[in-house]
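Listed below are the residues making up each chain.
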Amino acid sequence: MIYSSKGGEVIGPFTKKELREAIHSGNISWNDWAWHKELSEWKSVHAVIPIIHVARCGKEIGTFDDERDILSGLRDGSLLMDDYFWCEGMWEWKRLSTLEVSKSALTTTAQKDALKAAGLPFDELTTKAQVTALFSAGKNAPATAKQMALLAILENLFLKTFQRKRPLIV
């Protein structure tokens, strides 16, 4: 629970969500003071629930007040693991991939296996959104030699199975 001090009056307690709502409604300012039991002293609201600045190629592309919004951006592909973030009090910009919340946007083992089998590029920072983009990129393209070979194998298996179950017609 977080308490805020505005004009010398302590108000609260707030959850992080409630405090953000109070900020957005104008009842509390980012520059007001906030405190919770894990803090040794009162700090500015923006230090307790920081605004997260995100940049790509040296240019800021957005600000977020909730890490879940960053996760959504990683999942829909609008943010990349190689993008950088900064919050007040940090000494330097860091990659989004270092945020704990980013880990749930990473590919699963099964997706990595599928990428490997398809001969598509990936690394430890490939996201689920990037996997979707890689697999859907060639939807209207002709089948590759590997895809054609797989289809031939599947066709043969299907025909063998179908012929065994079908009674002979004489």
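Shown above is the structure to which this text applies.
The notes below deal with the structure included here. All values reported here derive from a predicted model rather than from experimental measurement. (Residues numbered from 1 in each chain as written. Predicted model: local features only at pLDDT ≥ 70, side-chain atom pairs only at ≥ 80, totals over all residues. Heavy atoms only, no water.)

Side note on the pattern of salt bridges
- Under the criterion given, the structure shown has five salt bridges.
- With a closest N to O distance of 2.7 Å, R56 and D83 form a salt bridge. Note that R56 is positioned in strand 5 (residues 52–56) and D83 in the loop between helix 3 (67–76) and strand 7 (84–86), a separation of 27 residues in sequence.
- Overall, D83 belongs to the buried group, its relative accessible area being 2%. (Salt bridge = Lys/Arg side-chain N within 4 Å of Asp/Glu carboxyl O. Helix = DSSP H or I, 4+ residues; strand = E, 2+ residues; numbered from the N terminus. Buried < 20%, exposed > 50% of the residue type's maximum accessible area, 1.4 Å probe, protein only.)

What about the side chain of H53?
- Within the secondary structure, H53 is located in strand 5.
- A polar atom in the side chain of H53 sits 3.2 Å from the side chain of E60.
- Residues within four places of H53 in sequence aside, it is in contact with E60, G62, T63, Y84, F85, W86 and W93. (Polar contact = N/O pair within 3.5 Å; in protein donor to acceptor, adjacent residues only side chain to side chain. Contact = heavy atoms within 4.5 Å.)

So, the packing of aromatic side chains
- Counted by the stated rule, this structure contains three aromatic pairs.
- Residues Y3 and W35 carry aromatic rings whose centres are separated by 6.3 Å and whose planes lie at 35 degrees to one another, so their mutual orientation is tilted. Placement of Y3 in strand 1 (residues 2–6) and of W35 in strand 3 (residues 33–35) is noted, with a sequence separation of 32 residues between them.
- Using a relative accessible area of 27% as the deciding quantity, one classes W35 as partly exposed.
- Clustering of aromatic rings is evident, with ring pairs tying together Y3, W35 and W42. (Phe/Tyr/Trp six-rings, centres within 6.5 Å; stacked < 30°, edge-to-face > 60°.)

Some points on the pairing of strand 1
- Where strand 1 lies against strand 2 (residues 9–14), four bridges are found, and the strand directions are antiparallel. Each bridged residue has a counterpart across the sheet, and for S4 the counterpart in strand 2 is I11.
- Joining the antiparallel neighbours strand 1 and strand 2 is a turn of two residues, in which G7 adopts a positive phi near 60 degrees.
- The pairing of strand 1 with strand 3 spans three bridges and is classified as antiparallel. Residue pairing in the sheet places S4 in a bridge with A34 of strand 3. (Pairing = 2+ DSSP bridges.)

A few points about a nonpolar patch on the surface
- Taken together, M148, L150, L151, I153, L154 and L157 make up a surface patch of nonpolar side chains, about 600 Å² in accessible area.
- With respect to the helices and strands, the residue L151 is situated in helix 6 (residues 145–165). (Patch = residues over 30% accessible without salt bridge, like charges linked within 9 Å, V, L, I, M, F, W, Y side chains within 5 Å. Areas by Shrake-Rupley, 256 points an atom, 1.4 Å probe, with all protein chains shown as cover.)

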